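Here's the letter readout for the chains.
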Amino acid sequence: MVIGLFCGLAASQAPEFAQQYRQRLGGAIDELRRVVVRFDEGARGSGLTREQAVGRLTADPDPLVRKQGEAQDELAARLARLERQRQAFLEAGPFARLLIFVREADPGLARATYLDYEPAWPATAEGLVAGGTGFVAGWALLLFLLRIGRRLVPGRTRRLRAV
């Protein structure tokens, strides 16, 4: 029972972790957008598109300038990727959000979320179902392991009772 409860509690944290990740995702998008918009404004002020400005920077012989151009290009690509992910979260239902998180989580954001994660008691249907599923899975796994253990332990045979 304790194993099942532990597994249920652990599994119920998945929706909470994903929710905290989505909050961090919004903050990352806001900050990346500020940086990209500032760069785009600077490019427009010089009569260039973002692509032209990045191209000019990455073609520069100075390694520092070239790296800045590459970094800006990576920031814009990451912003686009995170915005697509947030849109997918917004369009998905509760359980689909967990699948999106598992498939598409940004490693840097997921790690930062993990480092700041605070467990919470599940108060959503998603959390309760995940907890119940974890409980059943943990209980089933324990029963399975006990059954295998009984078969592997030598000298454990059933005694026949004489009637």
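Read on for an overview of the structure. Keep in mind the model is a prediction, meaning the values are calculated, not measured. (Residues numbered from 1 in each chain as written. Predicted model: local features only at pLDDT ≥ 70, side-chain atom pairs only at ≥ 80, totals over all residues. Heavy atoms only, no water.)

Looking at the secondary structure, you find T133 in helix α6 (residues 125-152). Sequence separation between T133 and G8 is 125 residues; the distance between their C-alpha atoms is 6.7 Å. (Helix = DSSP H or I, 4+ residues; strand = E, 2+ residues; numbered from the N terminus.)

The grouping of M1, L5, W139, L143 and L146 at the surface amounts to a nonpolar patch, some 500 Å² of accessible area in total. Per element, the largest residue contribution to the nonpolar patch is 3 residues, and it comes from α6. (Patch = residues over 30% accessible without salt bridge, like charges linked within 9 Å, V, L, I, M, F, W, Y side chains within 5 Å. Areas by Shrake-Rupley, 256 points an atom, 1.4 Å probe, with all protein chains shown as cover. Salt bridge = Lys/Arg side-chain N within 4 Å of Asp/Glu carboxyl O.)

In this structure, Y21, L25, L82, F89, F101 and L109 are the most contacted members of the largest nonpolar core, which totals 19 residues. Counting residues per element, this core draws most heavily on helix α1 (residues 2-45), at 8 residues. (Core = buried A, V, L, I, M, F, W, Y, C linked by side-chain atoms within 4.5 Å. Buried < 20%, exposed > 50% of the residue type's maximum accessible area, 1.4 Å probe, protein only.)

Moving on, we come to the packing of aromatic side chains. Tallying each qualifying case throughout the model produces 4 aromatic pairs. Judged by centre distance (6.3 Å) and plane angle (70 degrees), the rings of Y21 and F89 are edge-to-face. Taken together, the residues Y21 in helix α1 and F89 in helix α3 (residues 63-91) connect sequence positions 68 residues apart. On the basis of relative accessibility, which here comes to 0%, the residue Y21 falls in the buried class. Over the ring of F89 we find R22, and its NZ or CZ is 5.8 Å from the ring centre. (Phe/Tyr/Trp six-rings, centres within 6.5 Å; stacked < 30°, edge-to-face > 60°. Lys NZ or Arg CZ within 6 Å of the ring centre and 35° of its normal.)

Side-chain pairing between opposite charges can occur once the charged atoms of the two side chains come close. Counted according to the given criterion, the structure contains 5 salt bridges. Note that R33 is salt-bridged to E83, the shortest N-O span being 2.5 Å. A residue pair is termed long-range when its members are at least 10 positions apart, and R33 in helix α1 and E83 in helix α3 qualify at 50 residues. By relative accessible area, which is 30% here, E83 ends up partly exposed. In this structure, R50 engages D40 in a salt bridge whose closest nitrogen and oxygen atoms are separated by 2.7 Å. With R50 in helix α2 (residues 50-58) and D40 in helix α1, this residue pair connects regions lying 10 residues apart in the sequence.

Limitation: the analysis is restricted to geometry and does not speak to function.
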